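Examination of the molecular architecture
So you can see what is in the structure, the chains are spelled out below.
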Amino acid sequence: MADICLEARDLCKTYIVEGYSNNVLQNINLKIEEGEFVSIMGPSGSGKSTLLYTISGMDDMTAGKVIFDGDDISEMNDKQLTKLRLIKMGFIFQQMYMMKKLCIMDNIVLPGYQAALMSREEVNKKAEDLMRRLGIIETADREITEVSGGQLQRACLARALINSPKVLFADEPTGALNSKASMEVLGEMVKANEAGTTVLMVTHSEKVAASSDRIIYLMDGDIQGELVLGKINTSDGMSSAEKLSLRERKLRKWLEEMGW
Ligand SMILES: Nc1ncnc2c1ncn2[C@@H]1O[C@H](COP(=O)(O)OP(=O)(O)OP(=O)(O)O)[C@@H](O)[C@H]1O
Ligand SMILES: [Mg+2]
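These lines cover the structure that appears in this document, whether it is placed above or below. Note that the structure is predicted; figures quoted are calculated from it, not measured. (Residues numbered from 1 in each chain as written. Chains lettered and ligands numbered in written order. Predicted model: local features only at pLDDT ≥ 70, side-chain atom pairs only at ≥ 80, totals over all residues.)

1. Things to note about the overall build of the protein
Along its length, the protein carries eight helices and 10 strands. Taken over the C-alpha trace, the protein has a radius of gyration of 18 Å; the compact-globule value for 260 residues is 18 Å, and the two agree within 12%. Taken along the three principal axes of its C-alpha coordinates, the protein extends 50 × 45 × 40 Å. Per-residue burial for the protein yields a buried fraction of 39% across its 260 residues. For the protein, the proportion of contacts with a sequence separation of at least 24, taken over those separated by at least 6, is 68%. (Helix = DSSP H or I, 4+ residues; strand = E, 2+ residues; numbered from the N terminus. Rg over C-alpha atoms; globule rule 2.2 N^0.38 Å. Buried ≥ 20, exposed ≤ 12 C-beta atoms within 10 Å, placed from the backbone. Contact = placed C-beta atoms within 7 Å.)

Given below as structure tokens:
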């Protein structure tokens with residue numbers, strides 16, 4: 001069995017709104033292996049984004065523990081968490097935290113400069129390479145208000161991958177994209193995963209989730225079940241389109257059983 005790189009133990013999150021408490025996550029226990037590509041699915045309001053925010057340390061948990069790469073993040077102070085996020089985590093979230101005063105290119109390279117794991121020239125080259133592969137190279141000098149939602153989402157992916165993170169957290173990374181652009185973004189995430197980045201992604205799309213190794217179904221803040229599809233086997237002679245449609249059918253059937 002591979003090493004566990006991310007683990008939630010009895011993770012709980014309660015929001016208190018106008019005196020009423022809403023137990024959004026209830027004793028979540030989840031282990032993610034190094035190199036896994038895991039999707040979280042479930043109805044709107046089931047707590048998927050909340051799970052991603054708390055398990056990544058972006059938001060406080062109410063109770064429980066999260067172990068990231070051997071360290072208990074619930075015990076870390078803000079400075080330690082900030083460093084961990086910069087160097088070992090990549091994020092694509094629904095609310096995109098792009099700097100309004102910086103152009104697309106500068107937004108992408110910024111975490112690379114801050115982490116200083118590579119020289120600035122190497123960061124620039126990597127950013128250009130990512131933008132080219134994601135089809136947004138022509139937006140490099142534009143303000144973030146001068147690009148489409150889909151282009152911005154792809155820029156977020158480029159930024160999230162600039163430091164080759166250990167874990168990529170993505171909340172509906174293809175939500176604003178048409179099906180062609182969705183597949184391009186997904187393709188880049190699969191490539192990052194093949195290169196060693198563990199991926200934890202929330203998605204509503206069966207087509208997108210069908211590329212992941214495992215799908216977790218969340219309902220009312222509780223894990224209701226999981227489907228293991230495994231890595232896509234490339235040595236059995238079947239075309240990848242055939243394989244994906246087979247996986248998608250399997251997933252759809254399982255989701256129906258889950259009450260999707
Ligand atoms: N900051 C907040 N304050 C109070 N309640 C919140 C907050 N964020 C989320 N919630 C509540 O927590 C519950 C889960 O929300 P969450 O955003 O995690 O759902 P989701 O599964 O990601 O839904 P969607 O598919 O629509 O994105 C909802 O009832 C929501 O209203
Ligand atoms: Mg959400």
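2. With respect to the site of ligand 1
Residues in close proximity to ligand 1 include Y15, V17, N22, V24, G42, S44, G45, S46, G47, K48, S49 and T50, which together make up its full environment. Listed by contribution, the elements that provide at least two residues to the shell around ligand 1 are strand 1 (4–17), strand 2 (20–33) and helix 1 (48–55). The element that contributes the greatest number of residues to the shell around ligand 1 is helix 1, accounting for three residues. In terms of residue class, the shell around ligand 1 is built from three nonpolar, eight polar and one charged. (Near = placed C-beta within 6 Å. Nonpolar A, V, L, I, M, F, W, Y, C, P; charged D, E, K, R; others polar.)

3. Focus: the packing of helix 3 (residues 104–115) against helix 4 (residues 120–133)
Contact geometry for helix 3 and helix 4: axes closest at 9 Å, N-to-C directions at 135°. Considering the angle they form, helix 3 stands oblique to helix 4. For the crossing formed where helix 3 meets helix 4, the hand is right-handed. Contacts between helix 3 and helix 4 pair M105, I108, V109, G112 and Y113 from the former with R120, V123, N124, K126, A127 and M131 from the latter. (Axes fitted to C-alpha atoms, helices over the stretch in contact; angles between N-to-C directions. Parallel < 35°, antiparallel > 145°, perpendicular 65-115°, else oblique. Left-handed = near helix turned anticlockwise from the far one by under 90°.)

These figures capture arrangement, not role.
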